[in-house]
Structure formats: structure tokens, C-alpha cells
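Structural features, examined
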Amino acid sequence: MGVDAEEAMQRLGALRLSLHCWQGDDVTGFERGTAELGGGLAVTGNHPGRARTPSELRDDLDQALALIPGRHRVNLHAMYGEFGRRPVDRDQIEPSHFEGWIDWARTRGLGLDFNPTCFAHPLADDGFTLSHPDPAVRAFWIEHCRRSRRVAAAMGAALGTPCVNNVWIPDGFKDTPADRLAPRERLKESLDAVFEERHPAEHLRDAIEPKLFGIGAESCTVASHEFCLGYAITRLTLLCLDAGHFHPTESIADKISSTLLWLPELLLHVSRGVRWDSDHVVTLNDELLAIAREVIATRATGRVHLGLDYFDASINRIGAWVIGARNLQKALLVALLEPPAIRHAEIAGDRTARLALQEESRSLPWGEVWDEFCRRHDVPVGSAWIESMRQYERRILSSR
Ligand code: RNT
Ligand code: ZN
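Residues numbered from 1 in each chain as written. Chains lettered and ligands numbered in written order. Predicted model: local features only at pLDDT ≥ 70, side-chain atom pairs only at ≥ 80, totals over all residues. Heavy atoms only, no water.

On to the packing of aromatic side chains. One pass over the full model with this rule turns up 10 aromatic pairs. Centroid distance Phe128 to Phe173: 5.0 Å. Interplanar angle 70°. Geometry classified as edge-to-face. Of this pair, Phe128 sits in the loop between β3 (111-115) and α4 (135-159) while Phe173 sits in strand β5 (residues 172-173), and the two are 45 residues apart along the sequence. Judged on exposure class, the residue Phe128 and its partner Phe173 are both buried. Centroid distance Phe195 to Tyr231: 6.1 Å. Interplanar angle 40°. Geometry classified as tilted. With a gap of 36 residues between them, Phe195 in the loop between α5 (181-194) and β6 (204-209) and Tyr231 in helix α6 (residues 225-235) connect regions that are remote in the sequence. Tyr231 matches Phe195 in its accessibility class, with the two residues each being buried. (Phe/Tyr/Trp six-rings, centres within 6.5 Å; stacked < 30°, edge-to-face > 60°. Helix = DSSP H or I, 4+ residues; strand = E, 2+ residues; numbered from the N terminus. Buried < 20%, exposed > 50% of the residue type's maximum accessible area, 1.4 Å probe, protein only.)

Listed below in C-alpha cells is the structure:
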């Protein structure tokens with residue numbers, strides 16, 4: 001069928017995923033204090049072994065990365081800094097608080113990505129941050145986001161690979177607002193203030209992430225899709241498309257080619273929505289296959305940053321990372337192995353052949369190629385990784 005498996009494996013080996021650190025500790029972070037998660041996010045489950053310190057989280061990431069073929073990136077939130085004995089508020093964070101992460105990433109050849117944390121904080125408790133009616137609260141979050149960009153730029157400079165700094169703003173209304181415009185105007189102004197300072201593109205890429213709704217913000221989300229799309233296009237930031245942030249039947253797969261016409265780059269938060277939750281562990285379902293297919297078919301691998309975003313505390317957290325990451329890689333591999341005849345049939349105007357070939361290609365033995373890919377990258381083949389995860393659980397996680 002004209003499929004080049006060698007080339008597919010080579011191309012897959014060059015794709016770096018950004019592994020989200022927050023799966024390892026249920027989005028807790030390392031700040032002092034016990035602010036509730038909030039922001040419309042919720043983690044359920046109490047599987048033993050949550051990482052409680054930076055070194056535990058790094059050990060767990062090392063273990064997960066050892067079971068995922070290829071070389072990747074790690075995505076941090078500002079709340080994961082190493083702040084020492086004195087409390088450091090969000091408007092005080094500095095690159096020095098992330099030296100431990102940078103050193104760790106450097107010795108392993110990993111890239112780092114970053115996010116300001118605009119939730120789980122007393123000044124986010126009433127559901128508003130960068131769009132807050134109180135200018136003092138806005139100023140606090142503007143400063144936090146500015147400093148986050150500096151941290152991200154320092155990471156990019158230190159590691160020689162641009163750090164994507166993704167701003168997600170939880171602000172929203174539980175019930176119908178009387179005025180939807182004013183908070184959006186305030187958010188626009190705040191974001192302009194956040195992005196004022198220039199950083200070289202080789203160090204930092206800015207992204208903003210829209211969302212349809214969150215728990216406690218069901219009626220109106222200030223940073224909606226239209227808001228962020230317009231913002232990103234006019235300011236030339238990246239747009240972050242999170243697979244769990246739209247209506248349940250709306251897929252981000254179809255948004256990739258449309259938005260890439262107007263934007264230089266995209267960030268994907270590969271996730272899985274289930275009813276009200278936008279953050280289930282990624283499975284190899286039709287949605288994931290469609291997303292990966294569009295990244296490959298749009299020939300956009302150089303312009304699309306592949307991030308994962310979900311959190312599940314009801315299963316082994318390392319398993320959650322490995323399952324989701326390997327699934328995304330499998331979906332990308334299936335896309336890379338797509339028979340060229342499908343596109344040729346479309347060009348020839350033969351819709352019947354296009355459909356027939358699409359369906360025939362579903363039963364091609366891509367699993368054989370995946371196994372070979374894992375072998376070549378020296379990671380466990382097939383379900384063999386489960387035993388490594390279990391050993392780590394017995395040795396390390398169960399004694400936490
Ligand atoms: C929330 C967004 C956001 C977060 C992380 C923790 O709905 O998806 O990306 O999941 O920043
Ligand atoms: Zn997300």
C-alpha cells in the first residue's frame with residue numbers, strides 16, 4: 001500500500017511530547033499553605049504514592065520517561081518551584097526557584113515547558129484573576145504571569161530549546177452574568193500587560209488556552225474559545241487547544257488546519273473529556289486518532305507542540321503518564337503509517353476508494369511497527385512495562 005514503516009518510525013522518534021508534571025501529585029505543587037485546588041479543576045481518587053517533594057516527583061517522572069520511547073519534555077506549573085523555607089507568593093517567583101528542575105532537565109536532555117498558576121490561591125478564590133473587577137487583584141496576577149514568562153524564558157535559554165509558557169485563565173461565572181463584555185475587556189488589557197515584555201522566540205513561546213466551562217463556572221468563561229482565538233491571532237501568540245475544553249461532540253482535530261492558517265504555531269493539550277470532566281487519562285480512541293492524524297496530515301509537526309493534560313489519582317500515577325503518552329505516540333504512528341493511496345483517491349475524485357481504503361487501513365498491522373519502535377528505543381515492548389511500574393510501586397510508592 002505504499003507505506004514506509006522505516007520512515008514512519010524515524011519521524012515518530014523525532015516527535016517530543018510534553019509530559020505534564022501535575023499528573024504525579026494531583027495538581028498539588030510545592031507551595032506552603034493549603035489553598036484548595038479550585039479554578040473548576042477536580043482530582044478524584046486516592047491511589048497510594050503521590051509525589052510530595054520535587055525529588056519524589058522527579059524520580060517518578062524519570063520512571064515514567066523510562067517506559068515511554070523517545071526523548072521528551074516536561075511541563076511545569078509555577079506552583080512546582082522549590083521555594084525553600086520562606087513562603088514565596090506567586091508575584092515573587094523567580095528563575096532561581098526552578099534551578100533544580102533546569103539542572104535535572106539538562107542532565108537528561110529534556111526540554112521544559114511552563115504555566116503560570118492562576119488557581120489554588122486565596123486571590124483566585126472568588127473565581128476571577130486576570131479579569132477581576134479589583135485592579136489590585138488583577139495587578140497581582142499580571143505580575144505572576146510576567147514572572148512566569150521570565151522563568152520560562154530562563155528555562156528556554158538554559159536548555160537551548162524554546163519553553164512554551166501557557167496561560168490558562170479559569171475566570172468565569174457560575175450563573176448568568178449581567179455583563180459579559182467588561183470582564184473580557186479587562187482580561188484583554190491584563191494579557192496585553194502580561195505580554196508587554198519582549199523575550200527572544202528561541203527562549204520563549206507564549207500560548208493562551210480557552211475553555212468552555214469549569215466546575216463553578218458553568219454559565220460563562222471569560223477566556224472562551226472565540227476570545228482566545230481572536231487574541232492569539234491579533235497578538236501572534238500560540239493558541240492552546242485542549243481536547244477536553246469544547247462541547248462533547250466538538251473535536252479539536254478539525255480546528256488544527258483552520259487555526260494554523262492564521263497562527264504561527266499551536267499547543268495541544270491532549271486530554272479526554274468524559275461528561276463533565278475534561279481531564280481523563282488519554283485512551284487510544286477515535287478522537288485521539290483524529291487529532292494525531294490531523295497533525296501529521298497537515299504536515300505541521302514543526303508547528304504543533306504536543307502537550308498532555310489530564311490527572312487521575314485513582315490509578316498508579318506513573319501508569320497514567322505512560323498510558324497517555326504511549327497512546328498519543330501510537331496515534332501519531334498510525335497517522336504516519338497512513339497509506340498514501342487514501343490521499344491519491346481523494347485527488348482522483350474517487351470517494352468510494354477513499355472510504356474503502358480508510359476502512360481497510362484500520363486493520364493494517366501497525367502494532368508490529370509500534371513493538372519494533374519500542375525495541376529500538378530500548379523500552380519495554382507491549383504490556384511488559386506494567387511489570388516495571390509494579391516493581392517501582394512496591395519498592396518506592398508503597399512506602400510513601
Ligand atoms: C484546565 C486547563 C489547564 C490545566 C492545567 C493544570 O482546564 O486544561 O491546562 O489543566 O494547567
Ligand atoms: Zn489544558
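We are not done yet, so read on.
A word on α6. Looking only at α6, the buried set comprises His225, Phe227, Cys228, Tyr231 and Ala232. One side of α6 holds all its buried residues, which, seen down the axis, span an arc of 160°. Facing away from the buried surface of α6 by more than 90 degrees, the exposed residues are Glu226 and Thr234. Looking at the packing, one finds that the buried side of α6 touches α5, β6, β8 (238-242) and α7 (253-260). (Arc of directions from axis to C-beta. Contact = heavy atoms within 4.5 Å.)

Since the α-helix packs 3.6 residues into each turn, any two residues three or four apart lie on the same face. Its 25 residues give α4 an end-to-end C-alpha distance of 36 Å, which sits within 8% of 36 Å, the value for a rise of 1.5 Å per residue. Near the N-terminus of α4, the side chain that reaches the backbone nitrogen of Ala136, with its oxygen 2.8 Å away, is that of Asp134. Following α4 by one or two positions, Gly160 has its phi on the positive side, about 70°. (Expected span 1.5 Å × (residues − 1). Polar contact = N/O pair within 3.5 Å; in protein donor to acceptor, adjacent residues only side chain to side chain.)

Inspection of every chain in the model, using the stated rule, returns 0 disulfides. Cys163 takes part in no disulfide bond, and the closest cysteine sulfur, belonging to Cys21, lies 12 Å away. Judged by relative accessible area, which is 0%, Cys163 ranks as buried. Left unpaired, Cys228 is separated from the closest cysteine sulfur, that of Cys240, by 9.2 Å. Owing to a relative accessible area of 0%, Cys228 belongs among the buried residues under this scheme. (Disulfide = S-S within 2.5 Å.)

Glancing now at the environment of Gly156. One can find Gly156 in helix α4. For Gly156, a relative accessible area of 1% puts it in the buried group. Measuring from C-alpha to C-alpha, the distance between Gly156 and Gly111 comes to 7.8 Å, with 45 residues separating the pair along the chain. The contacts of Gly156, once residues within four sequence positions are left out, are Thr161, Cys163, Glu202 and His203.

Within the protein, Glu209 (OE), Asp242 (OD), His269 (ND1) and Asp309 (OD) serve as the donor atoms for the zinc ion (ligand 2), at 2.1 Å. The site at the zinc ion (ligand 2) holds 6 donor atoms, and with the angles between them running 70 to 172°, its shape is octahedral. Read N to C, the donor residues that coordinate the zinc ion (ligand 2) are spaced as E-x32-D-x26-H-x39-D. With a gap of 27 residues between them, Asp242 in strand β8 and His269 in strand β9 (residues 266-270) connect regions that are remote in the sequence. For the pair shown, Asp242 and His269 are each scored as buried. (Donors = N, O, S within 2.8 Å, 3.2 Å for Na, K, Ca; no water. Tetrahedral: all angles 85-135°; square planar, octahedral: opposite > 155°, others 65-115°.)

Attention now moves to the packing of helix α9 (residues 317-336) against helix α13 (residues 385-395). Between α9 and α13, whose axes approach to 10 Å, the crossing angle comes to 160°. The orientation of α9 relative to α13 falls into the category roughly antiparallel. Read as a crossing pair, α9 and α13 show a hand that is right-handed. Across the interface between the two elements, Ile318, Gly319, Val322, Ile323 and Arg326 from α9 touch Trp385, Met389 and Tyr392 from α13. Looking at the contact of α9 with α13 residue by residue, the class counts come to 6 nonpolar, 1 polar and 1 charged. (Axes fitted to C-alpha atoms, helices over the stretch in contact; angles between N-to-C directions. Parallel < 35°, antiparallel > 145°, perpendicular 65-115°, else oblique. Left-handed = near helix turned anticlockwise from the far one by under 90°. Nonpolar A, V, L, I, M, F, W, Y, C, P; charged D, E, K, R; others polar.)

That is the geometry; function is a separate question.
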